[in-house]
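Notes for the structure review
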Amino acid sequence: MDSLTLRRPDDWHLHLRDAAMLDAVLPPTAAVFGRAVVMPNLKPPVTTTEQAAAYRERILASLPEGSRFTPLMTAYLTDRTDPDDLAAGHAAGVLTAVKLYPAGATTNSDAGVTSLTRLERVLERLADIGMPLLVHGEVTDHDVDIFDREARFLDEVLEPIVAKFPTLRVVVEHATTAEAVQFVRAHGERVGCTITPQHLLANRNDLLVGGIRPHFYCLPVLKRRKHQVALLEAATSGEAGFFLGTDSAPHPKHAKESDCGCAGCYSAPAALPLYAEAFERAGALEHLETFASLNGPAFYGLPVNEDTVTLVRKSWEVPESVAVDGPASEIVPFWAGQSLRWRVA
Ligand code: NCD
Ligand code: ZN
Ligand code: ZN
């Protein structure tokens, strides 16, 4: 098989940033994906319907001429989120979902939620109106080992929430563990999960053996090989709960190659070929379309894209660097300098 045509995929977890960075990172995503769920962790974060509508306008203004890409907006939950504003934004078609960042869990999460008990009214409303709650699922307690933070969150924080709000729809974002896969399977169709290319293609050895590789560093951090295997098995299973979400998260090169490097892998320039590489290595290319193009729309209650994209088997090398106007100056993509077997036609 030398070419693979699939319905146009969507990216259900994407960071587009703003201003010059937005202009630099939007084109590769818009060229391949029909829609993307855009993360709200800007500085300052996008916390209201009004801010999300304004951010959506900036994204649309930055799109290449003729692009039909649709950004799906999210609001960043804080301790003071107004449930009426979320509901109004959802009803008006501005907000697709809300994003829960435990305060301090990841990049630009300082304004996030400090205690979920403060969020009861919000969760109740989300459950009522069927608006999905997207979660960065990690506990932040200083004493909890970084490799255990996702499993502990699922067990201690998310399990009680799904039990208390039986109609709440949840997406476990950027799943990194066998425990997350099990959690999604245990809760049927109301819990979904995005899986990134880096968690399918790499494990913590790729991050740490032979030297620290900052461009493999993201949160939740890469885990042991057995978790990579569980994620591969889930993504290639065809099961409805698992769908594509790159978590493409650009940072300037100097901010990642630093004594305190930022978390986030910029995968957008090679996103679909990275997934194709992982699926082919797993002998499961025939399930790529289900994961990339069908399961996400079904979870979000949206139509699948009408048109298609074609991948061709033609080996290429991911560029070493991408230029950005202004002080960021350049970004090093995930998989930079390494080759991939498939490219977008
Ligand atoms: C993301 C970012 O840089 O915004 N970083 C990451 O490591 N995944 C934030 C996030 O998705 O947690
Ligand atoms: Zn996250
Ligand atoms: Zn993210």
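Residues numbered from 1 in each chain as written. Chains lettered and ligands numbered in written order. Predicted model: local features only at pLDDT ≥ 70, side-chain atom pairs only at ≥ 80, totals over all residues. Heavy atoms only, no water.

Bringing the coordination of the zinc ion (ligand 2) into the picture now. Distances from the zinc ion (ligand 2) to its protein donors, His136 (ND1) and His174 (NE2), fall at 2.0 to 2.1 Å. Separating the zinc ion (ligand 2) from the zinc ion (ligand 3) is a gap of 4.0 Å. Remark: histidine 174 occurs in the loop between strand E7 (170–172) and helix H6 (178–186) and histidine 136 occurs in the loop between strand E6 (133–135) and helix H5 (149–164); sequence separation between them is 38 residues. One exposure class covers both histidine 136 and histidine 174, and it is buried. (Donors = N, O, S within 2.8 Å, 3.2 Å for Na, K, Ca; no water. Helix = DSSP H or I, 4+ residues; strand = E, 2+ residues; numbered from the N terminus. Buried < 20%, exposed > 50% of the residue type's maximum accessible area, 1.4 Å probe, protein only.)

Around ligand 1, the structure places 15 residues, and the nearest of them are Asn41, Thr106, Leu219, Asp247 and His251. Here an oxygen atom of ligand 1 sits 2.8 Å away from a polar atom, N or O, in the side chain of asparagine 41. One nitrogen or oxygen atom from the main chain of leucine 219 is found 2.7 Å from an oxygen atom belonging to ligand 1. Look at ligand 1: alone it shows 310 Å² of surface, and the protein chains cover 100% of it. Judged by its atoms lying within 2 Å of the grid points, ligand 1 is housed in the largest cavity. When its residues are assigned to classes, the shell around ligand 1 shows four nonpolar, nine polar and two charged. (Near = heavy atom within 4 Å. Polar contact = N/O pair within 3.5 Å; in protein donor to acceptor, adjacent residues only side chain to side chain. Areas by Shrake-Rupley, 256 points an atom, 1.4 Å probe, with all protein chains shown as cover. 1 Å grid on protein atoms, 1.4 Å probe; cavity = no way out; pocket = protein on both sides within 12 Å on 5 of 7 lines; lining within 4 Å. Sits in = over half its atoms within 2 Å of the grid points. Nonpolar A, V, L, I, M, F, W, Y, C, P; charged D, E, K, R; others polar.)

The next subject is the layout of surface pockets. The volume enclosed by the largest pocket comes to roughly 430 Å³. What lines the largest pocket is a set of 18 residues, among which Arg17, Met21, Lys43, Asn108 and Pro252 lie closest to the centre. Here the second largest pocket defines a volume of roughly 240 Å³. Around the second largest pocket sit 13 residues that line it, and Arg8, Gly34, Arg68, Phe69 and Asp307 are the ones nearest its centre. Across the lining of the second largest pocket, the residue classes break down as four nonpolar, four polar and five charged. (Points joined across faces, edges and corners; volume = space filled by probe spheres on them.)

Every protein donor of the zinc ion (ligand 3) is accounted for by His13 (NE2), His15 (NE2) and Asp247 (OD), and the metal-donor separations fall at 1.9 to 2.0 Å. Coordination at the zinc ion (ligand 3) is tetrahedral: its four donor atoms span angles of 95 to 135 degrees at the metal. Mapping the donors of the zinc ion (ligand 3) onto the primary sequence yields the spacing H-x1-H-x231-D. (Tetrahedral: all angles 85-135°; square planar, octahedral: opposite > 155°, others 65-115°.)

Time to look at the sheet that holds strand E13 (residues 339–344). Pairing is antiparallel in the open sheet, where three strands are placed in the order E1-E10-E13. Both outer strands of the open sheet, strand E1 (3–7) and E13, are each paired with one neighbouring strand and no more. For this sheet, the mean angle separating the axes of adjacent strands, direction not counted, is 35 degrees. Direction of pairing for strand E10 (residues 308–317) relative to E13: antiparallel, over a ladder of five bridges. Its bridge partner being in E13, arginine 313 is matched across the sheet by tryptophan 342. Along the sheet, helix H11 (residues 271–281) makes contact with E10 and E13, crossing E13 at roughly 120 degrees. (Pairing = 2+ DSSP bridges. Axes fitted to C-alpha atoms, helices over the stretch in contact; angles between N-to-C directions. Contact = heavy atoms within 4.5 Å.)

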